[in-house]
Amino acid sequence: MKVGTDGVLLGVLANVNQQQPMHILDIGTGTGLIALMLAQRFSLSEIDAVEIDTDASEQAFSNFQLSPFANRLHIINSDISDYTPKKHYDLIVSNPPYFVNSLKAPNKQRTTARHTDTLSFSALATAVQRLLSSDGKCCIIIPSDVYENVVSIFFQHRLYVQQAVFISHNSTKKAKRVVVSFITEPCTEVDKSELYIEQTAGVYSAEFQKLVEPFYLFSGK
């Protein structure tokens, strides 16, 4: 599976309630992109990455071992509903599958990664509610057109929106993705903002460049 913009955006925008989260969980890590980015951002964190697909988890393990953060990254090949650690997490992240009742790719791994058959939003919320510490935060990236539905599902699991960053390709386009942060206590007001990936055609916005600069090699853009 290729490095995708969604994963990169979650990796740079996932924020925390404390300066240095000690325990981080990546649900549905795929080949480990977001877990690796968080290991780079938070130098003291221990990161557990759960992945249901065996081939993807093996690739993630290989990627972890080849990184400078290998001693802090741990891959778990499991369904998240079967994962029962003896701890709670300060930060939980997920780039969950989001296609529902749509045409499936012929590749089994790609279907698992992209379709909600293996991880519904309700199942994700259940896992987060069970595994998040009382003062922790969960950050996910989802299509903007399912935002209200996902917020409602998480609310039913006593998880409340704190922040939402709506992401558009540029200022002329509607938001296609949103990074949503949930906490365990209700908020009086949701912090909503916008992020544009490009300033003009083919030119990254200054804000996007600043966010991804520690991870991207830019060539004049």
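Here is a short report on the structure shown in this document.

Thresholds, definitions, all that
Residues numbered from 1 in each chain as written. Predicted model: local features only at pLDDT ≥ 70, side-chain atom pairs only at ≥ 80, totals over all residues. Heavy atoms only, no water. Helix = DSSP H or I, 4+ residues; strand = E, 2+ residues; numbered from the N terminus. Buried < 20%, exposed > 50% of the residue type's maximum accessible area, 1.4 Å probe, protein only. Contact = heavy atoms within 4.5 Å. Pairing = 2+ DSSP bridges. Axes fitted to C-alpha atoms, helices over the stretch in contact; angles between N-to-C directions. 1 Å grid on protein atoms, 1.4 Å probe; cavity = no way out; pocket = protein on both sides within 12 Å on 5 of 7 lines; lining within 4 Å. Points joined across faces, edges and corners; volume = space filled by probe spheres on them. Nonpolar A, V, L, I, M, F, W, Y, C, P; charged D, E, K, R; others polar.

Residue placement: E194 occurs in strand β8 (residues 191-196). Overall, E194 belongs to the exposed group, its relative accessible area being 52%. Excluding residues within four positions of it along the chain, E194 makes contact with F166 and E207.

Assignment of secondary structure puts T29 in the loop between β1 (23-27) and α2 (33-41). Take T29: its relative accessible area is 7%, and that puts it in the buried class. If we ignore the near neighbours within four places in the chain, the residues touching T29 are A35, A49, V50, E51, A60, F64 and I75.

On to the sheet that holds strand β6 (residues 160-168), then. The strand order across the open sheet formed by eight strands is β3-β2-β1-β4-β5-β7-β6-β8, and the pairing between neighbours is mixed. One side of each edge strand has no neighbouring strand; the edge strands of this open sheet are β3 (73-77) and β8. The mean inter-strand angle of the sheet, taken between neighbouring strand axes irrespective of direction, is 15°. With five bridges connecting them, strand β2 (residues 46-51) and β3 associate as parallel partners. When the bridges of β3 are listed, V50 appears paired with I76. Together, β1, β4 (89-94) and β5 (132-143) form the strand contacts of helix α5 (residues 121-131), whose direction differs from that of β5 by roughly 155°. Packing against the sheet, helix α6 (residues 147-156) makes contact with β5, β6, β7 (177-183) and β8, and its axis sits at approximately 160° to β5.

With that settled, consider unusual backbone geometry. Most peptide bonds take the trans configuration, and most residues that are not glycine carry a negative phi. A positive phi is found at R158, a non-glycine position, where the angle reads about 60°. As for its position among the elements, R158 is in the loop between α6 and β6.

Right, let's talk about the layout of surface pockets for a bit. By volume, the second largest pocket amounts to about 220 Å³. Taken together, T5, D6, L9, I167, S168, H169, K173, K174, K176, R177 and I197 form the lining of the second largest pocket. Counting residues per element, the ones that place at least two in the lining of the second largest pocket are α1 (5-13) and β6. Of the residues forming the lining of the second largest pocket, the biggest block, three residues, is contributed by α1. Its residues assigned to classes, the lining of the second largest pocket comprises three nonpolar, three polar and five charged.

This paragraph deals with α1. Counting buried positions along α1 gives eight out of nine residues, so the element sits mostly inside the fold. Three or more residues of α1 are buried, namely D6, G7, V8, L9, L10, G11, V12 and L13.

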